[in-house]
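One-letter residues, chain by chain:
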Amino acid sequence: SWKRWKEWADSETPELEPLPQDWKRLSSFHRLVLLRALRSDRVVIATEHWVRDTLGPSYVEALPFDLESAIDDASASTPIFFLLSPGMDPLRA
């Protein structure tokens, strides 16, 4: 019913909620596509869950970063670059 779909779409975390009716049988990738169509604001978080479930946690966990060691390796001819991606929180690491 449309009420169940509205409830799902209005959920705070729809990527964690079961889909209504027969849509529960969708693959995890197809759930991402559906989420992209209905709740694009949750796609980054849902993609992180999908990658963790599909490829493993090592693909989403931040690598430990040792700034002191990086500074020791850096020089005028070897700079340090910080590349930040949308949706990534550099303080979370």
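Cut-off values and rules
- Residues numbered from 1 in each chain as written.
- Predicted model: local features only at pLDDT ≥ 70, side-chain atom pairs only at ≥ 80, totals over all residues.
- Heavy atoms only, no water.
- Core = buried A, V, L, I, M, F, W, Y, C linked by side-chain atoms within 4.5 Å.
- Buried < 20%, exposed > 50% of the residue type's maximum accessible area, 1.4 Å probe, protein only.
- Contact = heavy atoms within 4.5 Å.
- Helix = DSSP H or I, 4+ residues; strand = E, 2+ residues; numbered from the N terminus.
- Polar contact = N/O pair within 3.5 Å; in protein donor to acceptor, adjacent residues only side chain to side chain.
- Axes fitted to C-alpha atoms, helices over the stretch in contact; angles between N-to-C directions.
- Parallel < 35°, antiparallel > 145°, perpendicular 65-115°, else oblique.

## Things to note about the nonpolar core
Judged by nonpolar contacts, Trp5, Trp8, Leu19, Leu32, Leu34, Leu35 and Ala46 together constitute the single largest core of 7 residues. For Leu32, the contacting residues outside a window of four places in its chain are Ala46, Thr47 and Trp50.

## Focus on unusual backbone geometry
Even without being glycine, Gln21 reaches a positive phi, approximately 50 degrees. For Gln21, a relative accessible area of 45% translates into the label partly exposed.

## Things to note about the environment of Arg42
Tracing the backbone shows Arg42 in the loop between helix H2 (28–38) and helix H3 (43–55). Considering only alpha carbons, one finds Arg42 and Thr13, 29 residues apart in sequence, at a separation of 7.7 Å. With residues near it in sequence (within four places) discarded, Arg42 still touches Glu12, Thr13, Pro14, Glu15 and Leu35.

## Let's talk about the side chain of Arg42
Assessed through its relative accessible area of 15%, Arg42 is described here as buried. Looking at Arg42, its side chain comes within polar contact range of the side chain of Glu15, at 2.6 Å.

## Quick notes on the packing of H2 against H3
Between H2 and H3, the shortest axis-to-axis distance is 10 Å and the interhelical angle comes to 175 degrees. With respect to their mutual orientation, H2 and H3 come out roughly antiparallel. Here H2 contributes Ser28, Phe29, Leu32, Leu35 and Arg36 to the contact with H3, which in turn contributes Val43, Ala46, Thr47 and Trp50.

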